[in-house]
2 protein chains.
Amino acid sequence: MSDMRRAAQEGSPAGTSVEREAATRPPGDPPPRLTIGVDVGGTKTAAGVVDEHGAIIRDARRETPATSPSEIIAAIGDLVEELRGDHEVEAIGVGAAGFVDAKRSTVLFAPNLAWREEPLRAEIEKLTGLSTVVENDANAAAWAEFQFGAAHDVDDMILLTVGTGLGGGLVLAGELYRGAFGVGGEVGHLRAVPNGHLCGCGNKGCWEQYASGSALVREAREFARSSPPQASCLLELAGGRADRIEGPMVTKAAADGDGPSRELLEDLGRWLGEGIATLAAVLDPAVVVVGGGVSEAGDLLLDPARKAFARQLTARGHRPVLEIRRAMLGNEAGIIGAADLARRR
Amino acid sequence: MSDMRRAAQEGSPAGTSVEREAATRPPGDPPPRLTIGVDVGGTKTAAGVVDEHGAIIRDARRETPATSPSEIIAAIGDLVEELRGDHEVEAIGVGAAGFVDAKRSTVLFAPNLAWREEPLRAEIEKLTGLSTVVENDANAAAWAEFQFGAAHDVDDMILLTVGTGLGGGLVLAGELYRGAFGVGGEVGHLRAVPNGHLCGCGNKGCWEQYASGSALVREAREFARSSPPQASCLLELAGGRADRIEGPMVTKAAADGDGPSRELLEDLGRWLGEGIATLAAVLDPAVVVVGGGVSEAGDLLLDPARKAFARQLTARGHRPVLEIRRAMLGNEAGIIGAADLARRR
């Protein structure tokens, strides 16, 4: 385990407050080594100045001009300029929702951004003059949870981000594992069901179609349409319209004790846990961290996942067993991880 | 890439003949660093003296006394004594079909051997006085194919052994990846079909139930029972009895042009290729090597696997693509890999 990780463990869980970090740093210490992490999403781009303990000491955000490759780069440039005004930064890490090549420089393909074979590293370096690393956003988030978050105490972990889709990142033997071509960790596209639901990737039955916010919404709406009386709680939250039910409504109704909403989260949790059993058969990690918007349901999601995992794990009873934990760093994991990867380049 | 691997690539593919190695070594060179590799299977135990180029220079075998933990160890001791008579060996690597702990010393569980929490390393070291490493047999074979065989030119590979069951081993970023607890690489137990065929591991729908020699035999017998006229070729090979059809008969009939037998291998190949697409989504290796008895069907199995893989790969067209190759080292991979891991300990 690195000294940095040890320090993170000995201190309190990683936070993001300027004050705390500033208050605990004794006067006279050398200034922290700062880097900028950028998280480019389909709708917004967030960036932050991050110190070597994984704390964000300043942040900023913009809408993502998703349809124009050059405008996305200009927006990243603006964010960097804004952030480096008051801080000396050494490097930039950019996390993007897409396939990044093995050299961590080119975005091969991004489903929700206009990038195709985009030489992002070179463009950002030219624009800012700072050394840049490009990483898949879920990989960056996995690195953050490994380094400063929910998996800081192990060497082998998988992050699952249960949001609109199901993303993932692998840290194996203490290193971010990216695959031979840079596009590993796309766990949401392991096939859970032959001839199952059609997926945006062109296949049928991808895990993402069963264990994601989109799956939750699909099932909740279908339920509300077919059984309005039983779905009264959900329908009330959605103004009476099944097609307006959204994931957070299910979580809220479940937290308030609505039985059918709890069952919807249980079904999702079961798919999640069963897929984790497949990942355990192949990779045998020590910890699986569950993040993303849907993870805000907490144990209403994770307890069913743990139960299904325990039932589905191969050779159970004859092997040590991984832990399923909730992510700690929330939305900021992508920024923190990208910044830390830039620091280590 | 290691010097050893470079040497293996520059020379001819690894062979196992005493004469070739002895003949090409110039006189006066220091004697090769030799280790013993042992492959403990459910029915027989094979061992060999292996040099640093992965060549077996002497070998021996015994029946495995599978029901007695102490007798298996005694048999390994006998083999080692027999082999070290004429060769100075430095260490022993033992590959066994079972779960081996993270320290590579204890067999946690072996489905077909009487070992439960067996401290194999300590026992063998006590018996022989030689430093010993214990490894899962498929992991050892994967290391051999990576180091000296079909994947000698890449850094990220997965071995699949399609035999009675479906085993596997992972080499990631140039290292054997064993998981946090030592029991990773059990790819045969990723779930291919929810509520599918019952598996010996206690679950339903494991990939092994669809892509293995046992699956081939099950399907071939079922076909012969339900459609005897169409299965005439197979039934002839099996003396007219569906329940005597075995995997090699299917391969032979397919090689001879029997249509239904080719279709049986195609079905198996399709399951194989679709599962490889799942592994590619998660791990993105450069090469998947297919070994084990069923791989003797060669392209009759691998071409359908390649086709199914190409159809099922997520985001195809937007990413570099792995190669599916046939294993090169055959039955000896386990011995060669275990011996090489012992050398590197």
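Per chain, residue numbering runs from 1 following the sequence as it is written. Here every chain gets a letter starting at A, and every ligand a number starting at 1, in the order they are written. pLDDT decides what is reported in this predicted model: residues at 70 or higher carry local features, side-chain atom pairs at 80 or more are listed and counted, and totals for whole chains, interfaces and linings draw on all residues regardless.

Colleague: How should the domain arrangement of chain A be read in this particular structure?
Modeller: A common way to express how large an interface is: the accessible area buried when the components associate. All names here are of chain A. These domain limits were set by an automatic method or by a database of domain assignments. Partitioning chain A into domains gives domain 1 (3–146 + 332–344) and domain 2 (154–212 + 259–327). Listed by contribution, the elements that provide at least two residues to the side of domain 1 that touches domain 2 are β5 (99–100) and α5 (137–148). Secondary structure elements are taken from DSSP: a helix is a run of H or I of four residues or more, a strand is a run of E of two residues or more, and numbering for both begins at the N terminus. Among the elements that line the side of domain 1 that touches domain 2, the one with the most residues is α5, at 7 residues.

Colleague: In this structure, what is going on with helix α3 (residues 69–84) of chain A? I would like to understand it.
Modeller: Residues and elements named next belong to chain A. For a helix, the expected span equals 1.5 Å multiplied by the residue count minus one. The terminal C-alpha atoms of α3 lie 23 Å apart, and with 16 residues this matches the ideal 22 Å at 1.5 Å per residue to within 8%. Buried means a residue has 20 or more other C-beta atoms within 10 Å of its own C-beta, exposed means 12 or fewer, and partly exposed covers the counts in between; C-beta atoms are placed from the backbone. Of all the residues in α3, the buried ones are Ile72, Ile73, Ala75, Ile76, Leu79, Val80 and Leu83. Taken down its axis, α3 places every buried residue within 155 degrees of arc, on the same side. Exposed side chains of α3 directed beyond 90 degrees from the buried face belong to Ser70 and Glu81. Contact definition: two residues whose C-beta atoms, as placed from backbone geometry, lie within 7 Å. Where the residues of α3 are buried, they touch β1 (34–40), β2 (44–50), β3 (56–63), β4 (89–96) and α4 (120–128). Picture the helix axis, draw a direction to every C-beta atom, and the arc is the one those directions span.

Colleague: I tried to follow the environment of aspartate 258 of chain A on my own but got confused; where do I start?
Modeller: Residues and elements named next belong to chain A. Summarising the element assignment, aspartate 258 is placed in the loop between α8 (247–255) and α9 (259–283). Classification of aspartate 258 as buried rests on a count of 21 C-beta atoms within 10 Å. Residues aspartate 258 and valine 162, 96 residues apart in the sequence, show an inter-C-alpha distance of 22 Å. Aspartate 258 has contacts with Cys233 and Ala253, leaving out every residue within four places of it along the chain.

Colleague: Even after reading the chapter, I still don't get the sheet that holds strand β7 (residues 116–118) of chain A, so can you show me in this structure?
Modeller: Through backbone hydrogen bonds, the strands of a sheet pair up, either in parallel or in antiparallel fashion. All names here are of chain A. Two strands pair under a simple rule: DSSP has to find at least two bridges between them. Here 3 strands make up an open sheet; going across it, the order is β5-β6-β7 and the pairing antiparallel. Strand pairing shows two members of the sheet lacking a second neighbour, β5 and β7, which therefore form its edges. Here 2 bridges tie β5 to strand β6 (residues 107–109), and the two strands are oriented antiparallel to one another. The partner of valine 100 across the bridge, within β6, is valine 107.

Colleague: So what exactly am I meant to see when it comes to the environment of proline 119 of chain A here?
Modeller: Checked against the element boundaries, proline 119 of chain A lands in the loop between β7 and α4. With sequence-adjacent residues up to four places away left out, proline 119 of chain A is seen in contact with Ser105 and Thr106 of chain A.

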